[in-house]
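One-letter residues, chain by chain:
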Amino acid sequence: MTTTPDSHDDAAGTDAQPVADEQFDPQGIDQQTVARAGVYTVLATLLDEPDESVYAQLESGDVDATVRDLLDATGLDVAPPDLTVEADHDTLCARFNDLFTVGYAEYTDRTDGSLNSEGPRISLYETSYRPEAAWNDVNLDLARAYEYFGLEIDQSARDNHDYLPYQLEFAGYLARLESSGAEDVARARLDLHDRHLHVVAGGLADRMAELSVDGLYSELAAFLDRFVTADQQDLADRFEGGGDS
């Protein structure tokens, strides 16, 4: 995900350009929301195939410790995940690909060569968990939300707008903007939860449980579902006086 040159400077009353932590005045921001942004950013990174740098931080325990520290600072009552790994880098990459990127195919009738093919066992795309919704409607809605805040999908990437790591990047980005006090951005975060993120987070966790997946990616999926639910409910309590998550 990248920024566009024509970002909406007036979107939700704030400049929608990337904001680095050091640009914030620590006395003038909501530290809890900054911590939530950090959690979303880590989750977005971990739900991609781990490169050597990410693996080294997992192996050392740095990622686990960082997420626990961030979670403590979010103000949300969410049980932390176990983000430690025992597998080596190649094995973890193979595990990721087996779950999320490698499709399956089998011959249904070898006499005529009929082939039944399926995608990965577990999808990282929201539309996979919304059979009632049109693919175009979901992706167009997200594309408009990204564009409103001056973001667009990297044109060199093959992924669609409903790709979960993109939604997590966006959630983290909005939380960073909200932390500076932009009320409408907080409402945009709730809208993202209500319309999109809670669907894919819950669907991913359910699919992991259905397939009895264990290890790092099961921990990630279950934690993501817990964290999104808590963040969504906290926002709903703030703006709507509670309500269903």
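Quantities reported herein were computed from a predicted structural model and do not represent experimental measurements.

About the thresholds
Within each chain, residue numbers correspond to sequence positions counted from 1 in written order. Restriction of local features to residues with pLDDT of at least 70 applies here, the model being predicted, together with a cutoff of 80 or more for giving and counting side-chain atom pairs; totals for whole chains, interfaces and linings are based on all residues. The side-chain figures draw on all heavy atoms in the structure; neither hydrogens nor water molecules are used. Only rings of Phe, Tyr and Trp enter the pairing, Trp through its six-membered ring, and a pair is recorded when the two centres are within 6.5 Å. The plane angle decides the type: under 30 degrees is stacked, over 60 is edge-to-face, the rest tilted. The helix and strand labels rest on DSSP assignments: H or I over at least four residues marks a helix, E over at least two residues marks a strand, and numbering proceeds from the N terminus. For the exposure calls, accessible area comes from a 1.4 Å probe over protein chains only, and a residue counts as buried if that area is under 20% of its type's maximum, exposed if over 50%, partly exposed in between. Fitted lines through C-alpha atoms give the axes, limited to the stretch in contact for helices. The angle between two N-to-C directions lies from 0 to 180 degrees. The labels follow the angle: roughly parallel below 35 degrees, roughly antiparallel above 145, roughly perpendicular from 65 to 115, and oblique for the rest. Two helices crossing with the near one rotated counterclockwise from the far one by less than a right angle form a left-handed crossing, whereas a clockwise rotation gives a right-handed crossing. Should any heavy atoms of two residues lie within 4.5 Å, those residues are counted as being in contact. Residues are grouped as follows: nonpolar covers Ala, Val, Leu, Ile, Met, Phe, Trp, Tyr, Cys and Pro; charged covers Asp, Glu, Lys and Arg; every other residue, Gly included, is treated as polar. The term polar contact refers here to a pair of N or O atoms within 3.5 Å; inside protein, the definition further demands a hydrogen-donor-capable atom paired with an acceptor-capable atom, and it admits residues adjacent in sequence only when both atoms are side-chain atoms. Expected span of a helix: the number of residues minus one, times 1.5 Å. For this quantity, the arc is that covered by the directions from the helix axis to the C-beta atoms. The term salt bridge refers to a pairing of a side-chain nitrogen on Lys or Arg with a carboxyl oxygen on Asp or Glu at a separation within 4 Å.

Enquirer: Quick question: what am I supposed to make of the packing of aromatic side chains here?
Expert: Each aromatic ring pair is characterised by the separation of its centres together with the angle its planes make. A full pass over the atoms with the stated rule returns 10 aromatic pairs. Relative to F170, the ring of Y146 has its centre 4.8 Å away and its plane inclined at 75°; by these criteria the two rings are edge-to-face. Of this pair, Y146 sits in helix α5 (residues 135-148) while F170 sits in helix α6 (residues 164-178), placing them 24 residues apart in sequence. By the burial criterion, Y146 is buried, and F170 matches it. Through successive ring pairs, a cluster of aromatic residues spans Y146, Y148, F149 and F170.

Enquirer: Would you mind going over the packing of helix α1 (residues 31-46) against α6 with me for this structure?
Expert: Packed helix pairs are specified by the crossing angle of their axes together with the interaxial distance, meaning the distance between the axes. Packing of α1 against α6 brings their axes to within 8 Å, and their N-to-C directions diverge by 165°. In terms of orientation, α1 lies roughly antiparallel with respect to α6. Relative to α6, the crossing made by α1 is left-handed. Facing T33, A37, Y40, T41, L43 and A44 of α1, the residues of α6 in contact are P165, L168, E169, A171, G172, A175, R176 and E178. In the contact of α1 with α6, the residues fall into eight nonpolar, three polar and three charged.

Enquirer: Would you explain the side chain of D162 in this entry?
Expert: Here D162 shows up in the loop between β4 (151-152) and α6. Separated by 2.7 Å, the side chains of D162 and T127 make a polar contact.

Enquirer: Mind showing me how you'd approach α5 here?
Expert: Look at α5: 20 Å from first C-alpha to last across 14 residues, which is about the 20 Å you get at 1.5 Å a residue. Taken residue by residue, α5 has V138, N139, L142, A143 and Y146 as its buried positions. The arc enclosing the buried residues of α5, seen along the axis, measures out at 130°, which places them on a common side. Across from the buried face of α5, at angles greater than 90 degrees, the exposed residues are D137, R144 and E147. Downstream of α5 by one or two residues, G150 has phi in the positive range, about 75°.

Enquirer: What is the right way to read unusual backbone geometry from this model?
Expert: Excluding glycine, most residues fall at negative phi; most peptide bonds, likewise, are trans. For S212, which is not a glycine, the phi torsion comes out positive at approximately 55°. With respect to the element layout, S212 can be found in the loop between α7 (183-210) and α8 (216-240).

Enquirer: Just to check I follow, could you spell out the pattern of salt bridges for this structure?
Expert: Pairs may arise between side chains of opposite charge once their charged atoms sit close together. In total, this model carries 14 salt bridges according to the counting rule given. The shortest N-O distance in the salt bridge between R68 and D64 comes to 2.9 Å. Here the residue R68 and the residue D64 both occupy positions in helix α3 (residues 62-73), the gap between them amounting to four residues, near one helical turn. Classification of R68 as partly exposed rests on a relative accessible area of 33%. Note that R189 is salt-bridged to E178, the shortest N-O span being 2.6 Å. Taken together, the positions of R189 in helix α7 and E178 in helix α6 put the pair 11 residues apart, joining distant regions of the chain. With a relative accessible area of 2%, R189 lands in the buried category.

Enquirer: Mind showing me how you'd approach the side chain of R130 here?
Expert: On the secondary structure map, R130 appears in the loop between β3 (114-118) and α5. Apart from residues lying up to four places away in sequence, R130 is in contact with V138, R195, H196 and V199.

Enquirer: Whenever I open this one, the packing of α1 against α8 confuses me. Can you help?
Expert: One way to put it is that α1 packs onto α8 with a least axis distance of 11 Å and a crossing angle of 150°. Our classification of the angle between α1 and α8 gives roughly antiparallel. Of the two possible hands of crossing, α1 and α8 adopt the one that is left-handed. Residues R36, V39, Y40, L43 and L46 of α1 form the contact with α8, whose participating residues are Y217, L220, F223, L224, F227, V228, D231 and D234. Within the contact of α1 with α8, the residues separate by chemical class into 10 nonpolar, no polar and three charged.

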